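Overview (structure and organization)
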Amino acid sequence: MKSKQISFIWIALIPCVLFGTIREVWDFTAPDGTPLTQAKSNLGTALISAASAMATIRNNELEFSHDGSTPHTFRQTEFSGEPSTSGLSEISWVFTKVDFSKTSAAEGSANVAFEVRDFKGTRQNNKDDLVLAGLRLRYDKNRISIQYKAHDAKNFELIHSVSGAKLEAPMQVRLCLDLDDPEAEGALKIYLKVGATEEFCALETGTLPASAAISGFRTAQQTLNGNNSWQVGDMVCVDDFSRSVKP
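Residues numbered from 1 in each chain as written. Predicted model: local features only at pLDDT ≥ 70, side-chain atom pairs only at ≥ 80, totals over all residues. Heavy atoms only, no water.

**Quick look at the overall build of the protein**
Looking only at helices and strands, the protein has three helices and 14 strands in total. Here the protein has a C-alpha radius of gyration of 17 Å; the compact-globule value for 247 residues is 18 Å, and the two agree. Counting only C-alpha atoms, the protein reaches 45 × 40 × 35 Å along its principal axes. Relative to its full complement of 247 residues, the protein shows a buried share of 55%. A separation threshold of at least 6 residues defines the contact pool for the protein, and within that pool the share at least 24 residues apart is 67%. Entry remark: accessible area of the protein is about 10800 Å², with carbon and sulfur atoms responsible for 47%. Computing the positive centroid from 25 side-chain charges and the negative centroid from 30, the protein places the two 4 Å apart. (Helix = DSSP H or I, 4+ residues; strand = E, 2+ residues; numbered from the N terminus. Rg over C-alpha atoms; globule rule 2.2 N^0.38 Å. Buried < 20%, exposed > 50% of the residue type's maximum accessible area, 1.4 Å probe, protein only. Contact = heavy atoms within 4.5 Å. Areas by Shrake-Rupley, 256 points an atom, 1.4 Å probe, with all protein chains shown as cover. Lys, Arg positive; Asp, Glu negative; His and termini not counted. Charge placed at Lys NZ, Arg CZ, Asp CG, Glu CD.)

**A short note on the sheet that holds strand 13 (residues 216-222)**
Pairing in this open sheet of six strands is antiparallel, and the strands run 4-13-6-7-8-9 from one edge to the other. Looking at strand neighbours, the two that pair on one side only are strand 4 (72-78) and strand 9 (157-163), the edges of this open sheet. For this sheet, the mean inter-axis angle between neighbouring strands, taken without regard to orientation, is 10°. Across six bridges, strand 8 (residues 143-150) lies against strand 9 in antiparallel orientation. Residue pairing for strand 9: Tyr148 is matched across the bridge by Glu157. (Pairing = 2+ DSSP bridges. Axes fitted to C-alpha atoms, helices over the stretch in contact; angles between N-to-C directions.)

**As for the packing of aromatic side chains**
This model, assessed by the stated rule, comprises 12 aromatic pairs. With a centroid separation of 5.7 Å and an interplanar angle of 80°, the aromatic rings of Trp26 and Phe217 are classed as edge-to-face. Taken as a pair, Trp26 in strand 1 (residues 21-26) and Phe217 in strand 13 lie far apart in primary sequence, 191 residues in all. Summarising the aromatic geometry, the rings of Trp26 and Phe241 are spaced 6.0 Å apart at their centres and angled 65° between planes, so their arrangement reads as edge-to-face. With a gap of 215 residues between them, Trp26 in strand 1 and Phe241 in strand 14 (residues 235-246) connect regions that are remote in the sequence. Neither Trp26 nor Phe241 differs from the other in exposure class; each is buried. The aromatic ring of Tyr191 is capped on one face by Arg174, whose charged end is 4.6 Å from the ring centroid. (Phe/Tyr/Trp six-rings, centres within 6.5 Å; stacked < 30°, edge-to-face > 60°. Lys NZ or Arg CZ within 6 Å of the ring centre and 35° of its normal.)

**Let's talk about the side chain of Arg218**
As for its position among the elements, Arg218 is in strand 13. Filtering out sequence-adjacent residues up to four positions away, Arg218 remains in contact with Phe74, Arg75, Gln76, Ala113, Phe114, Glu115, Arg117 and Asn126.

**As for the pairing of strand 2 (residues 55-58)**
Two elements, strand 2 and strand 3 (residues 61-64), share four bridges in a ladder whose sense is antiparallel. Bridge pairing in strand 3 places Ala55 opposite Phe64. Where strand 2 folds back onto strand 3 in an antiparallel hairpin, the turn is made up of two residues, including Asn59, whose phi is positive at roughly 55°.

**Some points on the pattern of salt bridges**
Per the counting criterion, the structure on display carries eight salt bridges. Between Glu115 and Arg117 there is a salt bridge, with the nearest N and O atoms lying 2.6 Å from each other. Accessibility expressed as a relative area gives 4% for Glu115, which makes it buried. For Arg174, the salt bridge identified is with Glu199, shortest N-O distance 2.8 Å. Of the two residues, Arg174 sits in strand 10 (residues 171-178) while Glu199 sits in the loop between strand 11 (188-194) and strand 12 (200-206), which places them 25 residues apart along the sequence. Classification of Glu199 by relative accessible area gives partly exposed; the value is 22%. (Salt bridge = Lys/Arg side-chain N within 4 Å of Asp/Glu carboxyl O.)

**Side note on the confidence of the model for the protein**
For the protein, per-residue confidence averages 91 on the pLDDT scale, and residues scoring 70 or more make up 92% of the total. Predicted confidence is poor over residues 3-18, with pLDDT under 50, and the contacts of this stretch with residues over four places away or in other chains come to 24 contacts. (pLDDT = per-residue confidence, 0-100.)

**Topic: the nonpolar core**
If you look at the biggest cluster of nonpolar residues, it comprises 52 residues, and the most contacted ones within it are Trp93, Phe95 and Leu175. For this core, the leading source of residues is strand 7 (residues 130-140), giving five residues. When sequence neighbours within four positions are dropped, the list of residues in contact with Leu175 reads Ser89, Glu90, Ile91, Trp93, Val116, Ala133, Leu135, Lys189 and Ile190. (Core = buried A, V, L, I, M, F, W, Y, C linked by side-chain atoms within 4.5 Å.)

Structure (structure tokens):
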């Protein structure tokens, strides 16, 4: 979060600081229009390896939008350094702005998701990848839903929802993964915090696959793909995408 939102950073981001050490973070401090292939982390890693016509930098944030023709943005990114195989890890970000007013008027739907993954030595073949946990923001039928995907599930499941086509306040997301006891209930927990309200645990009993290793993440934006109909002019903005660790 930037200085214009300094009051919010103390409320929303303190839990991440207390969690452990931030290893890698994308704060999207770059000129408007910078492609995400040039949006580097503090360790020099580009957020995505191939440009998308629908994902760019706007107002020092990551902005997902629709150009009217591109059906989706699916990209995979490896974190810098060796994969995490033990201890506690946290992947966090903030949905700073969500506006699906035009999509709502058109009775459409849309998705934006981040999936924490074990790439198992490859970034080219999704069949070799292992999804550890996915978090998706979905708009449909005048409702913004927060859904998660377990490692052993085919589909996303609802864990929280907000009525309307807009978020009225930023939403902090924290995915906490315990790699020391991955198969135990609670090895995966998901925390949400909306504006100045109290943070809550939206998922308490998630599990992870045995021998889980955090290699990176997948960015998934569906505008037309998957029978969606994201309208031009609507957007989802993200800030402070980070990976923290606690041995």
